[in-house]
Structure formats: structure tokens, C-alpha cells
Amino acid sequence: MTKRRVVVTGLGAVTPVGVGVAETWKNIVAGKSGIGRITKFDASAFACQIAGEVKDFDATQFIPAKDARRMDRFVHLGMAAGIEAFKDSGLEINEGNADRIGVCVGSGIGGLPSIEETEDIFRAGGAHKISPFFIAGTIINMVSGNLSIRYGLQGPNMAVVSACSTGTHSIGEAMRMIQYGDADAMLAGGAESTVSNLAIGGFSASRALSTRNDDPATASRPWDKGRDGFVLGEGAGVLVLEEYEHAKARGAKIYAELTGYGMSSDAYHIMAPNMDGPKRSMVNALRDAKISPAEVQYINAHGTSTPLGDKNETDAIKAAFGDHAYDLVVNSTKSMIGHLLGGAGGVESIISVLALHHQVSPPTINIFEQDPECDLDYCANTARDMKIDVAMNNNFGFGGTNGTLVFRKI
């Protein structure tokens, strides 16, 4: 059968540099850092005391206060992004189309802060103090579930969980559902909010996080010689994907076409990167998109600011693109907002779509002395107007899971 075309008709984001897509994009292009000292709890006991926290966010602007009290913060952020994306798309739900529209918004970890809090409540007051809404407020599919309830979406309702590839895989799987006729439109992306004691403690114990506590704004420095680990962030990104003819028929605004989706496994190590896996993910996405490497101009890279990961991704890009790798412009959104884990793929796909839409590459900030082993064009420190016909987004996760998306200007 012929696969149906899939386009992007709605965007929604909540990030450390903005509540909403417009504010996020403005600050990303300006190279503004959203990294600062942790304010959610006393982090003085940890080697890492910095994070990308979402500021000035009021969940009750999106969700009734009674409902918000029953949800973990990652659900708040995912709901806000999903609501913005749905409104942006202009979709209208009725009896005739409700079962053709679905949701696939995942999270890498889910409601960890609420789990920590409930453990404290249990130890202090016993089992009868545990909220009856505890489980329903923390499990990973609750962004999808609550969005489907809010809008009466009766199509596919699911959540992908694949660590830091979650958002990318969620978008890719939603794309496939539309291509093969299971839905006509899908809300898809990822959400995460794990700036908490256990997350900071766990990642610090594995020595994955930057300890540049004295200068948070420059702590995330992908491809810089002085990079010393990633910075944990929180946020959410949700896209509305839609079958092309369906979108055209209702006169929808179309940002871009999603043409390719690639996946792979390193099958190498739970945490250490392997070059071949990311390379195959990119090659598979290009094959799915039916385009040659030479047609790509821009990559929003995984680019976490870890010593091994950044070199590994650079090597994988060179292996996938050959000599054309040196003609690409590559940027890392994480230099400004940190690593959103399961939310990264959603937000970074939105940035990729907007790069296409506005014909500009955001910068990778904090490149003070580029690592000579990372020798591509990373759009260092300043945004760049440029021709972009095809954009790629990469996300790779613990367990050796990899995901790549390809977007085309339409």
C-alpha cells in the first residue's frame, strides 16, 4: 500500500526559556540560557546543583486547580504543551472524526517527584495518607490520557517510553499510525519534570551531570573542549501531526512535512555510546524519507554536552553523511535548555520544524574552544539565516536506543 503523507499543523512547548512556542523560539534564536541554580529543593548535598527549570509556569492557567493537584508536574507541562498545539492546529472534534484523532505523548521517567513525595508521606503518616490519585497522577501515559479526555479524542491513545529517545519515537510512531490509516491526526511528543533529589542524585552518582555550579549559564557546552556533562532540564513539546489531504481539505496551516523516521539499537552498553547505532538511525530515516544525504542542510543534534556522547554523535554524522557532513549546520538546543530526557525529542522536533519554517538555524551557545575531535559546523554562539529544505532531529537514549526524524519544507 502507498503510505499517506504526514504534515505538522500544530506546535506547543513549555521549556526553561519560555512558556509557549513563541517565547521559546525567540529565546532559542537569541541564544538565551535557561540554566540556573536549582530552586525546587536544597541541592547543596549534590555535586551538581544546577538545572534548566521552567519558570513562571502556572498549571491552573491550563488545568482546573482541583485536577492539577492530582497530577505530577510532568503531566502539567505535557498538558500545557498539548493544549497549545491543539489550539494552534485549529482542529475541531465532532462525532464524525473523534475516533480518527489520537494522542501519543510519552515520558522517559514520569512522575518521579510525586513518587518521592508520596514515599515521605507514607513513612510519616502510614498507608492511609497515600492519595487515591497517586498512581493516576504519576504513570507515564497520563499526558495522553488527560489530553484525550479533555478533547474527546477516541483514536489511538498511548505513550512511548524509550529514555531520551521517547519524544522522537512518540512522534515517529504517531506518524506511522497516520501513514497506515489508524488515525487522521495525532498529538505527539514528550514531557518530563524530574528536577528532584533522586534524579539529580542518580545522575550525579553516574557522573553524567555538569558540576559547573559557579557558572550555570555556560555549563551546557556541547562540542566544547571544556564540556563536563549534561545539565538536567524539564519541559514538554507536542506536535499535531495530520494526514496531508486531511489538513489541506480543512485549510490548515502547515509548518512542514514529516517524511522520515529511523530507529536503531546500539546493542552495546546500557549507558556508554556506540557510533554505529546512531549512524544507522540516521541512515534509516533518510531511507524512509527517500532522500539522499546531500539533500539535508540542518541537524538538530542530540548534543548533550558529555565528553563521549558529543564526539560519538559527530563521528556518527560523518559516517552517515560522508563528505557532506562538513556542509551541514548542526546545532544543540540543549546548550540553552539542558537535557529534557523524555521531553527532549518533542521540543527539539519543534525547533527543527521552526528552523525550516523561518529558514534559520539557532545557535549552539557556549562554544568557547571547539573540541578538535568535534570538527563539524555547530553554528557556534550566533543564530544563522540559511536555506533549509530538509531538517533532521536526533535523539539517543540509555539502553542504546536511537531515534531520528526528517522534516521537509512544504
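Here, the structure is the one placed above.
Here we summarise the structure given alongside this text.

Thresholds applied
- Residues numbered from 1 in each chain as written.
- Predicted model: local features only at pLDDT ≥ 70, side-chain atom pairs only at ≥ 80, totals over all residues.
- Heavy atoms only, no water.
- Salt bridge = Lys/Arg side-chain N within 4 Å of Asp/Glu carboxyl O.
- Buried < 20%, exposed > 50% of the residue type's maximum accessible area, 1.4 Å probe, protein only.
- Helix = DSSP H or I, 4+ residues; strand = E, 2+ residues; numbered from the N terminus.
- Expected span 1.5 Å × (residues − 1).
- Axes fitted to C-alpha atoms, helices over the stretch in contact; angles between N-to-C directions.
- Parallel < 35°, antiparallel > 145°, perpendicular 65-115°, else oblique.
- Contact = heavy atoms within 4.5 Å.
- Nonpolar A, V, L, I, M, F, W, Y, C, P; charged D, E, K, R; others polar.
- Polar contact = N/O pair within 3.5 Å; in protein donor to acceptor, adjacent residues only side chain to side chain.
- Phe/Tyr/Trp six-rings, centres within 6.5 Å; stacked < 30°, edge-to-face > 60°.
- Patch = residues over 30% accessible without salt bridge, like charges linked within 9 Å, V, L, I, M, F, W, Y side chains within 5 Å.
- Areas by Shrake-Rupley, 256 points an atom, 1.4 Å probe, with all protein chains shown as cover.
- Core = buried A, V, L, I, M, F, W, Y, C linked by side-chain atoms within 4.5 Å.

Attention now goes to the pattern of salt bridges. Across all of its chains, the model carries 23 salt bridges by this definition. We note a salt bridge from arginine 250 to glutamate 242, for which the minimum N-O separation is 2.7 Å. The class for arginine 250 is partly exposed, based on a relative accessible area of 29%. For glutamate 242, a relative accessible area of 0% puts it in the buried group.

It is worth spelling out helix H10 (residues 276-289) at this point. Taking 1.5 Å per residue as the helical rise, H10 with its 14 residues ought to reach 20 Å, and the 20 Å between its terminal C-alpha atoms agrees with that figure. Within H10 the residues assigned to the buried category are Gly277, Pro278, Ser281, Met282, Ala285, Leu286, Asp288 and Ala289. Positive phi appears at lysine 290, one or two residues downstream of H10, with a value of about 60°.

With their axes 11 Å apart at the nearest point, helix H1 (residues 21-29) and helix H13 (residues 344-358) run at an angle of 75° to one another. Considering the angle they form, H1 stands roughly perpendicular to H13. Residue-level inspection shows Val21, Thr24, Trp25 and Ile28 of H1 in contact with H13, the latter providing Ile351, Leu354, Ala355 and His358. Looking at the contact of H1 with H13, its residues break down into six nonpolar, two polar and no charged.

Before going further, it helps to examine helix H4 (residues 112-125). With 14 residues, H4 extends 20 Å between its outermost C-alpha atoms, agreeing within 8% with the 20 Å of an ideal straight helix rising 1.5 Å per residue. For H4, the set of buried residues is Leu112, Ser114, Glu116 and Thr118. Those residues of H4 that are buried lie in contact with helix H5 (134-138) and helix H8 (197-205).

What follows deals with the environment of serine 44. By the element assignment, serine 44 lies in the loop between strand S3 (36-37) and strand S4 (50-51). Judged by relative accessible area, serine 44 falls into the exposed class, the value being 52%. With 310 residues separating them along the chain, serine 44 and leucine 354 place their C-alpha atoms 38 Å apart. One polar contact links serine 44 to aspartate 42, side chain to side chain, over a distance of 2.8 Å.

This part is about the packing of aromatic side chains. Summed over all chains, the structure comprises six aromatic pairs. Ring plane angle 20° and centroid distance 3.8 Å describe the contact between phenylalanine 86 and tyrosine 151, whose orientation is recorded as stacked. A residue pair is termed long-range when its members are at least 10 positions apart, and phenylalanine 86 in helix H3 (residues 73-89) and tyrosine 151 in helix H6 (residues 142-151) qualify at 65 residues. Its relative accessible area of 8% is what places phenylalanine 86 among the buried residues. The buried category is assigned to tyrosine 151, whose relative accessible area is 15%. Here the aromatic rings of tryptophan 223 and tyrosine 378 are separated by 4.2 Å at their centres, their planes lie at 10°, and the arrangement is stacked.

Looking now at the side chain of glutamate 116. Here glutamate 116 is to be found in helix H4. A polar contact of 2.6 Å, which involves the side chain of glutamate 116, links it to the side chain of serine 196. Ignoring any residue separated from it by four or fewer positions in sequence, one finds glutamate 116 in contact with Ser196, Asn197, Leu198 and Ala199.

Positive phi outside glycine occurs at alanine 163, with the angle close to 55°. Following the sequence through the fold, alanine 163 ends up in the loop between strand S6 (157-158) and helix H7 (166-179). In this structure, asparagine 366 takes a positive phi of about 70° despite not being glycine. Positionally, asparagine 366 belongs in the loop between strand S12 (360-361) and strand S13 (384-385).

The subject of this paragraph is a nonpolar patch on the surface. A cluster of nonpolar side chains, contributed by Ile270, Met271 and Phe398, occupies part of the molecular surface with about 300 Å² of accessible area. Take phenylalanine 398: it is sitting in the loop between strand S14 (390-397) and strand S15 (401-408). Of the residues examined, phenylalanine 398 reaches a relative accessible area of 38% and is grouped as partly exposed.

Glancing now at the nonpolar core. Val8, Leu11, Leu239, Leu241, Leu258, Val353 and Phe407 are the most contacted members of the largest nonpolar core, which has 45 residues in total. Per-element tally for this core: the top contributor is H13, with eight residues. In this structure, leucine 258 is in contact with Val6, Val7, Ile171, Met175, Leu241, Leu405, Val406 and Phe407, ignoring residues within four places of it in sequence. Of all hydrophobic cores here, the second largest spans 31 residues; its members include Met142, Leu147, Ala185 and Leu187.

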